[in-house]
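# Structural features, examined
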Amino acid sequence: MFLTCMETVTKELVSWMRGHESSVFSISVHASGRYAITTSSDTAQLWDLDTFQRKRKLNIRQSVGIQKVFFLPLSNTILSCFKDNSIFAWECDTLYCKYQLPAPPESSSILYKVFAVTRDGRILAAGGKSNHLHLWCLEATQLFRIIQMPTKVRAIRHLEFLPDSFDAGSNQVLGVLSQEGIMRFVNIQTCKLVFEIGSLDEGISSSVISPHGRYITSIMENGSLNIYSVQALTQEVNKPPPPLVKVIEDIPKNKLNSNDLKVKITSGRVQQPAKSRETKIQTRILKQDLMGNFENKENEMSDGLNKKRLQILVKGYGEYPTKYRMFIWRSLLQLPENHTAFSSLMDKGTHVAFLNLQEKYPIKSRKLLRVLQRTLSALAHWSAIFSDTPYLPLLAFPFVKLFQNNQLICFEVVATLIINWCQYWFEYFPNPPISILSMIENVLAFHDKELLQHFINHDVTSQLYAWPLLETVFSEVLTREEWLRLFDNIFTNHPSFLLMTVVAYNVCSRAPLLHCTRKDDFEYFFHHRNNLDISVVIREVYHFMEITPANIHPEKELEVFVALTKGQYPVFNQYPKFIVDYQTQERERIRNDELDYLRERQTVEEMQAEVDQQRVKDEAWYQKQELLRKAEETRREMLLQEEEKIGQQRQRLATVKRELKIKEIQLQDAAKRRFLKLQQDQREMELRRLDDEIERKVQMRDREIANTTKDLEMRHLELEAQRRLYEKNVTKNQEAIAKEIQEDADAYRRKVDLEDHIFHKLIETEQTHRGRNQKIIQDSLAEAEQACLNTDWKIHTLHKQQCDDLHRSVGYQKVATLLQKNRKKEREVLHTVMAKDAKKWEDAEEKELHLRSEKEASALSDASRMWFLKREMNAAVEHAEGPCIQAQVHGLQNERVASSGFPRTSQFHDISEKESSAQICLNRKPEWDNMEQNLIKKVRNLRQRLTAQARNRCENPRLVAA
């Protein structure tokens with residue numbers, strides 16, 4: 001959201017003011033016109049209207065909300081009213097919280113929606129959705145009255161005090177607009193209904209009162225605009241001013257109850273609020289001074305300020321407080337604020353003397369230039385002398401810059417300055433005021449003769465050292481702060497203070513002035529700022545005001561301060577009227593001559609314009625005829641050109657037909673080529689589709705091969721597991737065979753031990769045959785052991801060959817998986833391997849047969865050896881003598897039988913009843929043969945199973961391909 005500032009006269013855009021996020025519903029302007037407050041639902045912002053920049057921003061919680069924020073009249077206080085009924089007062093410059101109004105009593109608590117303040121800023125009226133009105137005394141910060149409207153009033157939409165010219169700003173009549181569209185005007189002191197406007201049939205939507213309280217403008221609910229005259233509505237508003245003897249009722253200091261404050265509105269008699277017994281009204285009577293002390297009357301001002309006290313204050317501090325300066329100036333100058341008179345002057349528009357003001361006084365700020373132009377125009381319309389005063393812009397410019405936001409105050413300040421502090425300035429118009437300059441020169445001669453003599457010696461007159469300071473009112477030689485301090489003292493004292501200031505400025509600057517010798521230096525000095533303390537100048541002025549003799553004192557010649565009259569501005573004719581009238585007459589004569597010249601010139605120009613117009617018409621007629629002739633020729637040429645164009649078009653048409661025929665042929669060729677290309681593309685697409693199919697098949701084949709490879713790997717793992725299981729079984733069989741062999745070896749060792757024992761016995765019996773028999777026995781044992789070792793080695797070799805066959809079979813399967821094209825070769829290799837395997841099995845069978853024959857030979861050898869031993873034993877027995885030997889022989893036979901694995905008996909039998917050792921060996925031979933045959937059968941069965949598996953793999957092409 002943003003605000004636009006427009007110029008009311010030129011209707012031009014001056015500035016944009018941005019910063020609000022929601023719509024603005026309230027704008028309040030300070031009395032000086034320099035500041036403004038804009039209010040929205042969530043924030044209030046303080047703006048500087050000189051620069052159109054935001055100075056401060058008031059942020060609140062969203063849950064609270066703002067009802068209204070506005071300036072109190074004639075003060076620097078900002079009043080902020082929130083939706084929770086809290087009201088705060090803030091200092092404008094520092095935004096320091098001055099006070100907060102207490103909460104209203106619970107018995108009459110309402111939500112404030114609308115507010116109104118009297119012109120003096122002492123009483124605040126607040127209302128809302130209720131028929132009660134709360135009146136607050138802002139000086140005492142307490143609620144002093146509750147007004148109850150009629151029962152048919154349910155809500156209050158607008159409040160506004162009715163201004164009065166005789167109440168000094170303490171407005172007594174309050175306008176209350178209710179929800180029914182009727183605006184009632186109530187006297188807040190007597191609580192009497194004065195009058196009312198609007199009706200139920202023709203309700204009021206909104207209303208505003210003129211600044212002087214003469215008219216009320218209302219917008220009706222039906223869209224019409226009604227203007228009411230207050231004087232016609234009631235006579236009580238325009239009552240005469242009160243007598244000088246008046247009674248002032250002080251606000252009670254103790255807290256009042258809401259019932260004691262509540263007063264009902266009546267349309268008849270006046271009803272006062274019921275007074276409490278505990279509350280006493282203190283009265284103070286201001287008696288009239290029968291002696292007629294006019295000095296006190298002069299010092300007492302309408303705003304309650306005392307001029308003597310202000311003089312003491314400014315003399316002690318040198319200046320007024322910045323935040324109260326404008327208020328004090330307006331009180332000192334007693335500005336009447338004649339809005340109607342000023343509006344009539346402004347309505348006359350810009351004076352002709354200041355139409356080209358920007359050419360002579362160029363100012364950067366367009367706003368400042370417009371305000372200066374309006375102020376000067378208003379002064380010129382007020383008095384004719386100001387239209388010819390050349391220094392008037394210099395005189396008014398500092399005040400225009402200071403009051404640029406309030407043109408009424410600016411105009412009245414300048415007018416008051418001219419009437420009082422510019423006395424006798426226009427006696428010698430258009431020359432400078434000789435009498436005023438003479439007063440200044442006389443005072444300077446009294447206080448500093450040396451400086452005056454220096455001016456005389458260098459031909460420097462008062463028009464050079466005094467008049468530049470007066471016509472610019474020191475604005476060229478002082479800064480803004482110094483100028484404000486100086487005029488704080490000028491406006492507080494007698495008008496002669498300004499002339500004394502000129503003298504004091506020269507006297508305080510005597511050192512640099514005495515060093516100046518050229519006239520240009522003096523001119524420069526009085527038109528530029530200098531290194532001078534304004535406080536010293538002001539003290540010197542007060543000193544000169546006291547010690548200057550009465551015969552030369554300007555106070556003797558100048559009149560006392562006279563304020564502007566209220567209602568209409570006074571007539572200003574303190575100037576040589578004949579000169580001004582003569583200049584006016586001359587200017588009027590020149591203007592009339594100029595107007596006559598302009599009229600004659602306009603007549604000549606009109607005649608010349610008619611002649612030129614006739615000449616233009618004739619030339620136009622000739623030109624038209626010429627154009628018609630040329631148009632006829634042009635049309636004939638156009639006909640010829642059209643005929644040529646028709647012939648050319650026919651030729652072009654034939655050409656186009658030929659081109660179309662060619663294009664048709666080309667299109668047919670192109671269609672054929674397109675069709676052929678389409679067929680070619682379709683074939684290429686089919687080829688690509690076949691390629692894609694082949695590629696897909698290859699990919700599928702690769703995936704199948706990969707899957708088959710994985711299956712074969714799994715099969716290999718299964719075969720490996722079977723191999724390990726077979727090896728485990730074979731190992732178990734080998735362990736069984738080894739166990740059997742070990743048992744055979746143990747039996748053999750026992751047999752050898754028995755034979756050794758028998759042999760040793762034979763050695764003992766026969767020493768001569770011991771060596772030969774022992775050698776034979778050892779050879780037989782060595783051969784038997786070697787045969788066993790050979791058999792074990794052969795068995796171990798057989799197992800290795802079987803493992804190699806298995807590994808080669810797995811390798812052949814892998815090779816067959818990877819080399820699909822060499823299937824035949826793989827079959828041949830497999831048959832070759834199988835043939836070699838069969839040959840090896842035949843070799844193994846031959847070796848088994850050889851082993852069997854060797855075993856049979858060993859058995860025969862054992863049997864012959866046993867037969868030999870038996871024969872020798874029989875011979876030895878026959879040879880021996882005694883029964884002990886026979887018993888010993890029987891014990892040896894029993895031990896042999898026990899070592900051979902036969903069951904032992906607890907009795908020894910006779911040799912004749914049992915078999916001999918040779919027969920035992922012969923009986924054991926079939927068992928060994930059975931064991932060997934079982935082993936050979938197992939090996940053959942294993943070989944047959946492996947051969948059958950290999951044959952199945954060769955015959956199964958799918959397995960071979962894998």
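Residues numbered from 1 in each chain as written. Predicted model: local features only at pLDDT ≥ 70, side-chain atom pairs only at ≥ 80, totals over all residues. Heavy atoms only, no water.

## Some remarks on the overall build of the protein
When helices and strands are tallied, the protein shows 26 helices and 24 strands. When each of the 962 residues of the protein is scored for burial, the buried share is 39%. A fraction of 60% describes how many contacts in the protein between residues 6 or more apart in sequence connect residues 24 or more apart. If you sum the accessible surface of the protein, you get close to 58000 Å²; carbon and sulfur atoms cover 53% of it. (Helix = DSSP H or I, 4+ residues; strand = E, 2+ residues; numbered from the N terminus. Buried < 20%, exposed > 50% of the residue type's maximum accessible area, 1.4 Å probe, protein only. Contact = heavy atoms within 4.5 Å. Areas by Shrake-Rupley, 256 points an atom, 1.4 Å probe, with all protein chains shown as cover.)

## Focus on the confidence of the model for the protein
Chain-level pLDDT for the protein is 77 on average; 78% of the residues reach the 70-or-more range. Ignoring residues within four places in sequence, the model shows residues 883-925, a span with pLDDT below 50, making 50 contacts including any to other chains. (pLDDT = per-residue confidence, 0-100.)

## A few points about the sheet that holds strand β18 (residues 192-197)
Hydrogen bonds along the backbone pair up the strands of a sheet, which may run parallel or antiparallel. Strand order in this open sheet of four strands is β15-β16-β17-β18, and the pairing throughout is antiparallel. Two strands bound the open sheet, and with one partner strand each, they are β15 (156-162) and β18. Each strand of the sheet is rotated relative to its neighbour by a mean of 25 degrees, with strand direction disregarded. (Pairing = 2+ DSSP bridges. Axes fitted to C-alpha atoms, helices over the stretch in contact; angles between N-to-C directions.)

## Looking at the sheet that holds strand β7 (residues 66-71)
Spatially, four strands are ordered β7-β8-β9-β10 in an open sheet, and the strand pairing comes out antiparallel. Each edge of the open sheet carries a strand with a single partner, namely β7 and β10 (97-100). Here the strands of the sheet are splayed against their neighbours by 20 degrees on average, with no regard to which way each runs.

## Description of helix α9 (residues 392-402)
Of all 11 residues that make up α9, eight are buried, and the element is covered over most of its length. All of the buried residues along α9 are L392, P393, L395, A396, P398, F399, V400 and L402. In the core, the buried residues of α9 are packed alongside α5 (325-333), α7 (357-360), α8 (366-382), α10 (407-421), α14 (467-471) and α15 (480-492).

## Let's talk about the pairing of strand β11 (residues 112-117)
When you tally the buried positions in β11, you get five out of six residues, the bulk of the element. Looking at chain direction, β11 and strand β12 (residues 123-128) are connected through five bridges and run antiparallel. Paired with Y112 across the bridge in β12 is G128.

## A closer look at unusual backbone geometry
Although it is not a glycine, D459 sits at a positive phi angle of roughly 55 degrees. Mapped onto the elements, D459 comes out in the loop between α12 (449-457) and α13 (462-465). Unlike most non-glycine residues, F474 shows phi in positive territory, near 65 degrees. With respect to the helices and strands, the residue F474 is situated in the loop between α14 and α15. A relative accessible area of 1% means that F474 is categorised as buried.

## Topic: the pattern of salt bridges
Enumeration according to the criterion identifies 24 salt bridges in this entry. As a salt-bridge pair, E633 and R629 come within 3.0 Å of each other at their nearest N and O atoms. Within this pair, E633 and its partner R629 are both found in helix α21 (residues 577-765), separated by four residues, close to a single helical turn. R629 gets classed as partly exposed once you look at its relative accessible area, which sits at 39%. The structure contains a network of salt bridges with shared partners spanning E91, K98 and K323. (Salt bridge = Lys/Arg side-chain N within 4 Å of Asp/Glu carboxyl O.)

## Notes on the side chain of D48
Structurally, the position occupied by D48 is in strand β5 (residues 43-48). Once you skip the residues sitting within four places of it in the chain, D48 turns out to touch R34, Y35, Q53 and K55.

## Focus on a nonpolar patch on the surface
A cluster of nonpolar residues, Y215, I219, L225 and I227, forms a patch on the protein surface that exposes about 420 Å² of accessible area. Elements represented by at least two residues in the nonpolar patch include exactly β20 (215-220) and β21 (225-229). If you trace the backbone, I227 turns up in strand β21. (Patch = residues over 30% accessible without salt bridge, like charges linked within 9 Å, V, L, I, M, F, W, Y side chains within 5 Å.)

## Re the packing of aromatic side chains
Inspection of every chain in the model, using the stated rule, returns 30 aromatic pairs. Where W329 meets F491, the ring centres are 5.0 Å apart and the plane angle is 90 degrees; that geometry is what we call edge-to-face. Taken together, the positions of W329 in helix α5 and F491 in helix α15 put the pair 162 residues apart, joining distant regions of the chain. In this structure, W329 and F491 share a single accessibility class: buried. With a centroid separation of 5.5 Å and 90 degrees between ring planes, the pair formed by F399 and F487 is classed as edge-to-face. Of this pair, F399 sits in helix α9 while F487 is found in helix α15, placing the two residues 88 residues apart along the sequence. Comparing F399 with F487 shows no difference in burial state: the two are buried. A connected cluster of aromatic rings, assembled from ring pairs, spans F342, W382, F386, Y391, F411, W425, F426, W467 and Y569. Above the face of the F70 ring, K68 is positioned so that its terminal group lies 5.2 Å from the ring centre. (Phe/Tyr/Trp six-rings, centres within 6.5 Å; stacked < 30°, edge-to-face > 60°. Lys NZ or Arg CZ within 6 Å of the ring centre and 35° of its normal.)

## Examining α8
Each α-helix turn comprises 3.6 residues. Residues three or four places apart therefore point the same way. Helix length check: α8 (17 residues) gives 24 Å between terminal C-alpha atoms against 24 Å at 1.5 Å per residue, within 8%. Of all 17 residues in α8, 15 are buried, a share of seventy percent or more. (Expected span 1.5 Å × (residues − 1).)

## Things to note about the packing of helix α4 (residues 307-317) against α15
Following both chains from N to C, one finds α4 and α15 inclined at 150 degrees, their axes separated by 10 Å at the closest point. When the axis of α4 is compared with that of α15, the two are roughly antiparallel. Classified by chirality, the crossing of α15 by α4 is left-handed. Seen from α4, the contacting residues are K307, L310, Q311 and V314; seen from α15, they are D488, N489 and T492. Residue composition of the contact of α4 with α15, grouped by class: two nonpolar, three polar and two charged. (Parallel < 35°, antiparallel > 145°, perpendicular 65-115°, else oblique. Left-handed = near helix turned anticlockwise from the far one by under 90°. Nonpolar A, V, L, I, M, F, W, Y, C, P; charged D, E, K, R; others polar.)

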